[in-house]
Amino acid sequence: MNAQGGQYLNKAAVLSPLGAARLSQLALGCSVVAMVTHSAGYSGGSYGVFCMAVWCACFTVTTAVFFLDATRLYTCLHVSWDNLTVAFAALATLMYVTASVVYPVYFVTVECPYAGCEVRNFRIAVTVCSVGATLAYAAEVILSRAKPGRVVGYMATVSGLLKVVQGFVACIIFGALANGSEFTRFAATVYCVVVYAVCFAMTTVVVIFTVSGRTACLKLPFDRFVVVYTLLAVLLYLSASVVWPVFGFDRKYGSPERPSSCPRGRCPWDSKVVVAVFSFVNLALYTADLAYSQRIRFVTQRPRV
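Residues numbered from 1 in each chain as written. Predicted model: local features only at pLDDT ≥ 70, side-chain atom pairs only at ≥ 80, totals over all residues. Heavy atoms only, no water.

J.: Whenever I open this one, the pattern of salt bridges confuses me. Can you help?
T.: Once their charged atoms are close, side chains differing in charge can pair, the charge on each being opposite to the other. This model, assessed by the stated rule, comprises three salt bridges. For R22, the salt bridge is made with D69, and the minimal N-O distance between the two is 2.8 Å. One end of the pair, R22, is in helix α1 (residues 17-40); the other, D69, is in helix α2 (residues 46-71), and 47 residues separate them in sequence. Among the salt bridges present, the one from E140 reaches R22, with a minimum N-O distance of 3.1 Å. Of this pair, E140 sits in helix α4 (residues 117-144) while R22 sits in helix α1, placing them 118 residues apart in sequence. Residue R22 is classed as buried on the basis of its relative accessible area of 4%. Taken together, the salt bridges that share partners define one network made up of R22, D69 and E140. (Salt bridge = Lys/Arg side-chain N within 4 Å of Asp/Glu carboxyl O. Helix = DSSP H or I, 4+ residues; strand = E, 2+ residues; numbered from the N terminus. Buried < 20%, exposed > 50% of the residue type's maximum accessible area, 1.4 Å probe, protein only.)

Rendered as structure tokens:
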């Protein structure tokens, strides 16, 4: 029996700024889930369910990431670990930001609810902890992102992080489209939906290939593929950003003003505004991505055998 054991545990997973950020994510995430389950509550429709799903999912994945990093078991996975963790941290930041805004808007009130002030205080505490966890995930992104002279994974670059934001914004657009946007009325608006779907699918493909470390499997050089796809996405989003407002708000096809009889939360006009606004947001993101893609030096990863 060999008395000299190896370093099976990764001390840096705890005794480092990155480890401290992940421990903070775990502590704050656990606190949020515990308080919501105990007394704060999340009933009241899909918004509460969404917030709880975000907190539970992020806590579960963060626990797995921390465990795999601390035990070095991530080396057994056929993935690019650095790309995977920074992509998840960026996505978790965006999800937590959304939950940290949605939960207090729909659940926190100045007056004490019928259940008493204790419930209100728990909900305020949940909001505070959720904001704290948001900052902890953002700190991980900042600690992991690319710096001059430092070789990192693609997802740690500005271009890689923008891919995560683009996908998140696309999900917001899809949510608005599904909320009675009436996009099937015109062929032009259907075209816009196709644009959103194609760009989202291609962004997802880029992230999957990068996270899995399979960029060498592409027939084209990965850097050229990313630049060509991003340019195509800019052109497609540019067309959609022009077409959607015309067929959504021009008097010939729709209404430039919100109808007074439109119900709150289920108004097609509101959904059209959300789609239009976030179309321009994604157009700006893809344009910035195209500009930053010119400055990245890519290192292709060979798949493991």
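Past the structure itself, the notes keep going.
J.: Explanation requested: the nonpolar core in the structure shown.
T.: Soluble globular proteins tend to pack their nonpolar side chains together in the buried interior. Counting residues in each nonpolar core, the largest one holds 44 residues, and the members touching the most others are Y196 and Y237. Counting only elements with at least two residues in this core, the list comes to α3 (81-107), α5 (158-178), α6 (187-211), α7 (222-249) and α8 (268-293). Per-element tally for this core: the top contributor is α7, with eleven residues. Y237 has contacts with A170, I173, V195, Y196, C199, S279, N282, L283 and Y286, leaving out every residue within four places of it along the chain. (Core = buried A, V, L, I, M, F, W, Y, C linked by side-chain atoms within 4.5 Å. Contact = heavy atoms within 4.5 Å.)

J.: Would you take a moment to explain the packing of α3 against α4 for this structure?
T.: In a pair of packed helices, the angle between the axes and the distance between the axes together describe the arrangement. One way to put it is that α3 packs onto α4 with a least axis distance of 8 Å and a crossing angle of 160°. With respect to each other, α3 and α4 are oriented roughly antiparallel. Every pair of crossing elements has a handedness; the one defined by α3 and α4 is left-handed. Partitioned by chemical class, the residues of the contact of α3 with α4 number 16 nonpolar, seven polar and two charged. (Axes fitted to C-alpha atoms, helices over the stretch in contact; angles between N-to-C directions. Parallel < 35°, antiparallel > 145°, perpendicular 65-115°, else oblique. Left-handed = near helix turned anticlockwise from the far one by under 90°. Nonpolar A, V, L, I, M, F, W, Y, C, P; charged D, E, K, R; others polar.)

J.: I'm lost on a nonpolar patch on the surface in this one. Help?
T.: A surface patch of nonpolar side chains, amounting to about 460 Å² of accessible area, comprises Y47, V97, V101, V105 and Y106. Here the element with the most residues in the nonpolar patch is α3; it accounts for four residues. Take Y47: it is sitting in helix α2. (Patch = residues over 30% accessible without salt bridge, like charges linked within 9 Å, V, L, I, M, F, W, Y side chains within 5 Å. Areas by Shrake-Rupley, 256 points an atom, 1.4 Å probe, with all protein chains shown as cover.)

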